[in-house]
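For reference, the chains in residue letters:
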Amino acid sequence: VQLQASGGGLVQAGGSLRLSCAASGSRFSTFTMRWYRQAPGKQRDLVASISSGGITDYAVSVKGRFTISRDNAKNTVYLQMDSLKSEDTAVYYCYAQVLYLRVYEYWGQGTQVTVSS
């Protein structure tokens, strides 16, 4: 499985961005997909998750502002980010968890999001 993230950029505080993560391979609909982020000098933190059944979960810091979704026909997961704050500045990574006899984990290359105040 290969993951290709895109959509990052520079935006003013209060603005919006939509990140996309395209996955290769079959059986995408069975993957659990997540977005993580890592700010300079900090650990990588979970931002949002969506299960194969469409159940979503969010970090407290982004709940109500970010929305994760998936399009199984396009093998793509999205992260809609609204009301962006300077503290959302980070490299955002998509992640796939695949269950096939055992757990496989895959990471995308990351996309930079910079929010100017």
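Parameters at a glance
Residues numbered from 1 in each chain as written. Predicted model: local features only at pLDDT ≥ 70, side-chain atom pairs only at ≥ 80, totals over all residues. Heavy atoms only, no water. Pairing = 2+ DSSP bridges. Helix = DSSP H or I, 4+ residues; strand = E, 2+ residues; numbered from the N terminus. Axes fitted to C-alpha atoms, helices over the stretch in contact; angles between N-to-C directions. Phe/Tyr/Trp six-rings, centres within 6.5 Å; stacked < 30°, edge-to-face > 60°. Buried < 20%, exposed > 50% of the residue type's maximum accessible area, 1.4 Å probe, protein only.

Strand order in the open sheet formed by four strands is S1-S3-S8-S7, and the pairing between neighbours is antiparallel. Each edge of the open sheet is held by one strand with a lone partner, namely strand S1 (3-6) and strand S7 (66-71). Strand after strand, the sheet turns through a mean of 15° between neighbouring axes, direction not considered. Of the pairings in the sheet, the one linking S1 to strand S3 (residues 17-23) comprises four bridges and is antiparallel in character.

Moving on to the packing of aromatic side chains. Evaluated as defined, the whole model comprises five aromatic pairs. Ring plane angle 85° and centroid distance 6.5 Å describe the contact between Tyr93 and Trp107, whose orientation is recorded as edge-to-face. A residue pair is termed long-range when its members are at least 10 positions apart, and Tyr93 in strand S9 (residues 90-100) and Trp107 in strand S10 (residues 102-107) qualify at 14 residues. With relative accessibility at 14%, the residue Tyr93 sits in the buried group. Residue classification places Trp107 among the partly exposed positions, given a relative accessible area of 39%. With centroids separated by 5.0 Å and ring planes inclined at 65°, the aromatic side chains of Tyr95 and Trp107 adopt a geometry described as edge-to-face. Within this pair, whereas Tyr95 is found in strand S9, its partner Trp107 is found in strand S10, the two being separated by twelve residues in sequence. Classification of Tyr95 as buried rests on a relative accessible area of 1%.

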